[in-house]
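Fold and geometry: a report
Given next are the chains, with one letter for each unit.
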Amino acid sequence: MSAIAQPAKPDESTESSSSPKLRTRPLAATLILFGGLISLILGIGVSVSFGAADIAFSTVWEAVFHFNEDLTPHNIIMELRLPRVLGGAMVGASFAVAGALMQGMTRNPMADSGLLGLNAGAGFVLALCFAFYPGLPFMYLILYSFLGAGVGAGLVFGIGSLARGGLTPVRLVLAGAAVSALLAALSEGIALHFRIGQDLAFWYAGGVAGTNWKQLGIMLPWVGGAILAAIIISRSITLLSLGEDVAVGLGQRTKWVKLVGTVIILILAGSAVAVVGAVGFVGLIIPHLTRYLVGVDYRWIIPCSAVLGSLLVMFADLAARMVHPPYETPVGALVALIGVPFFLYLARKEGREM
Amino acid sequence: MNVQLATTERRKTKRGVTIMLIIAAMIMITFIISMNTGYIRLTPLDMIRTLIGMGTHNQELILFQFRLPRIVISVLIGAGLAVSGCILQGISRNALADPGILGINAGAGLMVMLYVSYFPTTSMRSVFLLPLLALLGAGLTAALIYTLAYRRHKGISPISLILVGIAVAAGISAVMIVLTLRLDPDKYQFVATWLAGSIWGTNWKFVLALLPWIVVLLPFVFYKARAMNVLTLGDQLATGLGAPVEKERLMLLAAAVGLAGSSVAVSGGIGFVGLIGPHLARRLVGPKHQQLLPTSALAGALLVIAADTIGRTVLQPTEIPTGIVVAVIGAPYFLYLLARAKA
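Residues numbered from 1 in each chain as written. Chains lettered and ligands numbered in written order. Predicted model: local features only at pLDDT ≥ 70, side-chain atom pairs only at ≥ 80, totals over all residues.

1. Let's talk about the overall build of chain A
Spelled out, the test is: Strands here are runs of E lasting at least two residues and helices are runs of H or I lasting at least four, both read from the DSSP assignment and numbered beginning at the N terminus. With C-beta atoms placed from the backbone, a residue is buried if 20 or more other C-beta atoms are within 10 Å of its own, exposed if 12 or fewer are, and partly exposed between those counts. For the purpose of contact definition, each residue receives a C-beta atom placed from its backbone, and two residues are in contact when these atoms lie within 7 Å.
Of the regular secondary structure elements, chain A holds 14 helices and 0 strands. Shown N-terminal to C-terminal, the secondary structure of chain A runs as helices and strands in the order α-α-α-α-α-α-α-α-α-α-α-α-α-α. Here chain A holds 354 residues, and the buried ones make up 53% of them. In chain A, the share of contacts with a sequence separation of at least 24, taken over all contacts with a separation of at least 6, comes to 78%.

2. Regarding the overall build of chain B
When you go through chain B residue by residue, the secondary structure sums to 14 helices and 0 strands. Starting at the N terminus and ending at the C terminus, chain B contains elements arranged as α-α-α-α-α-α-α-α-α-α-α-α-α-α. In chain B, which comprises 343 residues, the proportion classed as buried is 50%. The long-range share in chain B, meaning contacts at least 24 apart out of those at least 6 apart in sequence, stands at 78%.

3. Digging into the environment of Leu86(A)
Residue and element names in this part refer to chain A. Within the secondary structure, Leu86 sits in helix α3 (residues 72-106). Classification of Leu86 as buried rests on a count of 21 C-beta atoms within 10 Å. C-alpha of Leu86 to C-alpha of Ile264: the two residues are 178 residues apart in sequence and 21 Å apart in space.

4. Examining the confidence of the model for chain B
Selection criterion: The quantity called pLDDT is the predictor's confidence in a given residue, expressed from 0 to 100.
Summarising the model, chain B shows a mean pLDDT of 79, and 84% of its residues fall at 70 or more. Interface confidence in the predicted complex, given as ipTM, is 0.73; pTM for the same model is 0.77.

5. Some words on the confidence of the model for chain A
With 85% of its residues at a pLDDT of 70 or more, chain A has an overall mean of 79. Confidence drops under pLDDT 50 across residues 1-20 of chain A; counting only partners more than four residues distant or on other chains, this segment forms 25 contacts.

6. Topic: the nonpolar core
Across soluble globular proteins, nonpolar side chains show a tendency to be buried alongside one another. Counted only if it meets this: Under the definition applied here, buried Ala, Val, Leu, Ile, Met, Phe, Trp, Tyr and Cys residues are grouped into a nonpolar core through C-beta atoms within 7 Å.
Ranked by size, the top nonpolar core spans 218 residues in total, and within it Val97(A) and Ala178(A) carry the most contacts. Contacts of Ala178(A), omitting those with residues within four sequence positions, involve Ala331(B), Phe334(B), Leu335(B) and Leu338(B).

7. So, the packing of helix α12 (residues 282-294) of chain A against helix α13 (residues 298-322) of chain A
Residue and element names in this part refer to chain A. In plain terms, the rule: Here an angle of 0 to 180 degrees is reported between the N-to-C directions of two axes, which are lines fitted to C-alpha atoms, with helices fitted over the stretch in contact. In this scheme, roughly parallel covers angles under 35 degrees and roughly antiparallel covers those over 145, while 65 to 115 is roughly perpendicular and the rest are oblique. Should the near helix be turned counterclockwise from the far one by less than a right angle, the crossing is left-handed, whereas a clockwise turn marks it as right-handed.
Their axes nearest at 9 Å, the elements α12 and α13 cross at an angle of 130 degrees. It follows that α12 is oblique to α13 by the angle criterion. Both α12 and α13 take part in a crossing whose hand is right-handed. Of the residues in α13, those touching α12 at Val282, Ile286, Pro287, Leu289, Thr290, Arg291 and Val294 are Trp300, Ile301, Cys304, Ser305, Leu308, Gly309, Leu312 and Val313.

8. Quick word on the environment of Val215(B)
Residue and element names in this part refer to chain B. With respect to the helices, strands and loops of the structure, Val215 is situated in helix α8 (residues 204-223). Look at Val215 and you get exposed, because 11 C-beta atoms sit within 10 Å. When the C-alpha positions of Val215 and Leu275 are compared, they lie 22 Å apart, and in sequence the two are 60 residues distant.

Given below as structure tokens:
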């Protein structure tokens, strides 16, 4: 288990000191990628067939490949279930890759878009949008959401680095908690004043219920492009994760890599929050799990995180629908129930090192 | 030498008393402003006339049944939360401790919510039961955080206490979200405003339910001020001075939990008061608890009564829950403290 607690650092315990090679497991990674993709497809099938009205697998197959708009089950599948399941998968991949990049770039084991204020920032700007431009097209909402994520991150990192002694993981988490509290309070005030609390409430808790094809269409190029870009810069991220000095020594232009990485993180977190709301902890758990499974090479970590992240959110959404049917439990709450113990474990580890 | 020390000591005490009187005067002024503001405006003259029993029936109704209990409650919970924060900061020797940040408020909230979702909220029985339940929830959460943050041989490090607190608060609020969705719409509305920290118990019954806790616990804590002074020196020094460290700490912790729990039962999730109150007080009167504790109580009361007044007036006719106003003031202050803290 000790490997989990040593993120972004070469794991010396499993390698003899004579070999400076980093611990990677390409085989495990390939297995995760293929196994993960297969279970993702199976999971989509299962997830689509379960719900308030159970639908047989054969009907799901029919609906996807021989769509007939006169049949109600076909319509349920194509209009309600499939988009939300795909949306959940996409959001999971976004949060997980954003988390992996943040942890790699800042060498901070407790980095997560929820903990560091990105989600709250995006949420705040979205609350503003709902209040002042009701009915704003999703295309613009998502752009504002990027902006909000940037504002949240800027506040947290700015205040964190103002402190004497510079940025430490713990200080960032504390600043993130306070900034999130502030932005959440402001959004709540806005929601109450403009009476949009009902619209925002479920969205705050996090849920993929309302996802439709149009949103997916707008989101896909952003998320797809960002994940692709993340994979392209993954080599540089691995070097950065060894430490700024090492990366510079190896001829990296670290400023450039950090800039590109930050833009990617903002796009991923922003678009994910625009679709599901403030779901935290995905970006915390998944990269740690992935690093434990496949080693420290970000060329493997990023794609594997994407796959595992989408699996997590998809199954959390499935569970959210099954806990108390026909009501839905917010996905964010369910993920938090897994995420909190994990965070406690990390906090304990981190505290020990200080 | 000794004489000189005694005179500076006396001068400091005098200064502390002056500061407390000033804050008390500010509370009185805010009190009067708060009595006048609201959906229906009353002139100061009307107010005084009503207070001495010469107002119209409507004016009496507004003042005595709606505004006065609410203001009294905000003063009480402000004092309770601030003193609770002051104790927590003292015994954990952690400048960032606050019952809200540490998740104690969330624990109390969870119990209140569980009760509200199964029983009616307005009966007399539940008015007195709620503080007890909130206390139970706060106590359990405090015990949980204490156990999780405790490490053998090292005791409790300030930072791990806060990290564990943040995580526990996040976990509890996730559980609460899961639970709220099962409620019917009426109760959902109640719980939602409660969570945002609005002073919902605008009723003399709640004043009665809260008052015994504050009246018993505050003097007890003030009486323990000397023990707190010793505890803040650190465990080793305190033991060396002959203080029963563990026993004192446990008693004070219980008092802090009691104050936070009973306040939260009436006020809902108001955070940051326990952080700001003691900090302001420390800046004004210094670290001696004989003066720090009462000044914290006054500063907390002033903060909550002011926040409540602001919340009622800024965006009329919408009432912004007090908790939101306090968070908007408190979070930047927390960040400021964080930026100033040494690594």
